[in-house]
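One letter stands for each residue in the lines below.
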Amino acid sequence: MGRLFGTDGVRGVANADLTAELALGLSVAAAHVLAEAGTFEDHRPVAVVGRDPRASGEFLESAVVAGLASAGVDVLRVGVLPTPAVAYLTGALGADLGVMLSASHNPMPDNGIKFFARGGHKLADELEDRIESMYRGHASGEPWDRPTGAGVGRVKDYNEGFDNYVAHLVGVLPNRLDGLKVVIDGAHGAAARVSPEAFARAGAEVVTIGTDPDGLNINDGCGSTHLEKLRAAVVEHGADLGVAHDGDADRCLAVDAAGNEVDGDQILAVLALGMRDAGTLRQNTVVATVMSNLGFKLALEREGIALVQTAVGDRYVLEEMKAKGFALGGEQSGHVIVLDHATTGDGTLTGLMLAARVAATGRSLAELAGVMERLPQVLINVPDVDKSRVATSAELSAAVTDAERELGATGRVLLRSSGTEPLVRVMVEAADLEQAKAVAGRLADVVKSALG
């Protein structure tokens, strides 16, 4: 039986893979692990529970709340709010754990459960393993102490969560957004109310699209994975910039006034320079993954900013930031973490800080994002190969060495094994797109030959 927890919680098709029974059982196990069941007699443990607008979130929320309360945990139900809002409120309210129901950018039939520990922090693998082990033990019949009477958890709606979170976002901005016109694409998701409200309170003139969730239309042709409508709306309304979120609003991509995409690497570069100038970029360092564009690295080097790179996944970025005390990190996909103000990627905060930089400098987003040049990036998936031999194949190692020599200082090669499929991803960057395509094609052939 495979591991339930993936790179970002437990996900699957709602009511098929992710059932009410699974949600309830995981919540009971999480209560015992994260709220430390052995100390229940000393205090009343509390959980914050939120969700995105997916229809399946309604019944899954009920299952999660039932599981937590049956384990003796008091529940504060915050309703539809972004993932980073649940993380923030978990910390701000001193809760023992937080639970978010969302499948992020995945299509509507999917859903997921993500747990946060005290302080609103993502779980380490060890904690996820303990929850999964306890869940499987309970499912196989292992007994657990079930509180009765006054010992059962109480459930109430915490309607103040929306205003508390928005006030936090606006309160940490270095300057207001007066004079800016911003288009916001809420992906018909968890940021549909929060992001427009935060931008408006910060002084921006706001135009909205993708802000009418009906439970079925989340991420449907909109949001950070579908920028076409945002591009058109920014140009149509003569806006200064546009921001797009995913379903749970832990990421943000942007477009400039001409409708050109500004990706996560460019956003990180803009924020890094702003934080450096303000003296808040600790150790003058940014953390990003190995998938960040080489142009990002070259831009930071030119600006005298150090770059630390991690494995792919915002959790690894966050772990490095916390371990070394860095303030800014993120991914090309738009997960940006500003650790002084958030414990996880926060799409609304990212968009606000990006807009604040535009307002403070009086420069266009296109000009600011121009600090880095995105080098052409070619990605080829090579299926049906023995990915376990990527690091040991002498033939493949020699081919990579030759390719890197050909590309020189303005190119690079990256080979990655898929975490779930029998395939290897070949990524090549170069100043010349045709060269990148040619090198990637040759390497893909070698991968197939050496590992097939």
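Residues numbered from 1 in each chain as written. Predicted model: local features only at pLDDT ≥ 70, side-chain atom pairs only at ≥ 80, totals over all residues. Heavy atoms only, no water.

1. A look at the nonpolar core
Note the threshold: Joining through side-chain atoms within 4.5 Å is the link that ties buried Ala, Val, Leu, Ile, Met, Phe, Trp, Tyr and Cys residues into a set, and such a set is a nonpolar core. The rule is simple: take the accessible area with a 1.4 Å probe, protein chains only, and divide by the maximum for that residue type; under 20% is buried, over 50% is exposed, in between is partly exposed. A run of H or I in DSSP becomes a helix once it reaches four residues, and a run of E becomes a strand once it reaches two; helices and strands are each numbered from the N terminus. Here a residue-residue contact requires only that any non-hydrogen atoms of the pair lie within 4.5 Å.
Membership of the largest hydrophobic core comes to 64 residues, with the highest contact counts inside it found for Leu177, Phe199, Val286 and Leu328. Element by element, the count of residues in this core is highest for helix 8 (residues 264-278), at 8 residues. Filtering out sequence-adjacent residues up to four positions away, valine 286 remains in contact with Leu268, Ala272, Leu281, Phe296, Leu300, Ile305, Ala306, Leu307, Val308 and Leu328. Counting residues in each nonpolar core, the second largest holds 35 residues, with Val33, Ala71, Ala117 and Leu127 among its members.

2. Comments concerning the layout of surface pockets
Where empty space is left becomes clear once a probe the size of a water molecule has been rolled over the atoms. For the record, the criterion: Detection works on a 1 Å grid of protein atoms alone, calling trapped sets that fit a 1.4 Å probe cavities and calling open sets with protein on both sides within 12 Å along at least five of seven lines pockets, with lining residues defined by an atom within 4 Å of a point. Grid points are joined across faces, edges and corners, and a volume is the space filled by probe spheres set on the points. Under the convention adopted here, Pro, Cys and the residues Ala, Val, Leu, Ile, Met, Phe, Trp and Tyr are nonpolar, Asp, Glu, Lys and Arg are charged, and Gly plus all remaining residues are polar.
Roughly 1,300 Å³ of internal volume is contained in the largest pocket. Together, 38 residues line the largest pocket, and Thr7, Val312, Gly313, Glu331 and Arg416 are the ones closest to its centre. Every element with two or more residues in the lining of the largest pocket is listed here: strand 1 (10-13), helix 10 (314-324), strand 17 (377-383) and strand 18 (411-417). The leading source of residues in the lining of the largest pocket is helix 10, at 3 residues. Approximately 270 Å³ is the volume attributed to the second largest pocket. In terms of lining residues, the second largest pocket is bounded by 16 residues, among which Pro174, Gly274, Met275, Ala278 and Met353 are the most central. For the lining of the second largest pocket, the elements supplying multiple residues, two or more each, are helix 8 and helix 11 (347-361). For the lining of the second largest pocket, the element with the most residues is helix 8, which contributes 5 residues. Partitioning the lining of the second largest pocket into residue classes produces 10 nonpolar, 4 polar and 2 charged.

3. Notes on the sheet that holds strand 8 (residues 181-185)
As a reminder, the rule being used: Here the rule is simple: two strands pair whenever DSSP picks up at least two bridges between them.
Strand order in the open sheet formed by 5 strands is 9-8-10-11-12, and the pairing between neighbours is mixed. Each edge of the open sheet is held by one strand with a lone partner, namely strand 9 (205-209) and strand 12 (261-262). Pairing analysis gives 4 bridges linking strand 8 to strand 10 (residues 241-245), with the strands arranged parallel. Each bridged residue has a counterpart across the sheet, and for valine 183 the counterpart in strand 10 is glycine 242.

4. Looking at the side chain of aspartate 346
Basically, it comes down to this: Counting rule applied: Lys, Arg positive; Asp, Glu negative; His and chain ends not counted. The term salt bridge refers to a side-chain nitrogen of Lys or Arg lying within 4 Å of a carboxyl oxygen of Asp or Glu. We call two N or O atoms a polar contact when they sit within 3.5 Å, provided that within protein one can donate a hydrogen and the other can accept it, with sequence-adjacent residues counted only if both atoms are side-chain atoms.
Relative to the helices and strands, aspartate 346 is located in the loop between strand 16 (336-338) and helix 11. Within the buried core, aspartate 346 has no salt-bridge partner, and the shortest N-O distance to an opposite charge, that of lysine 114, equals 12 Å. A polar side-chain atom of aspartate 346 sits 2.7 Å from a polar atom in the side chain of tyrosine 165. If we ignore the near neighbours within four places in the chain, the residues touching aspartate 346 are Pro84, Tyr165, Leu169, Ala249, Asp250 and Val336.

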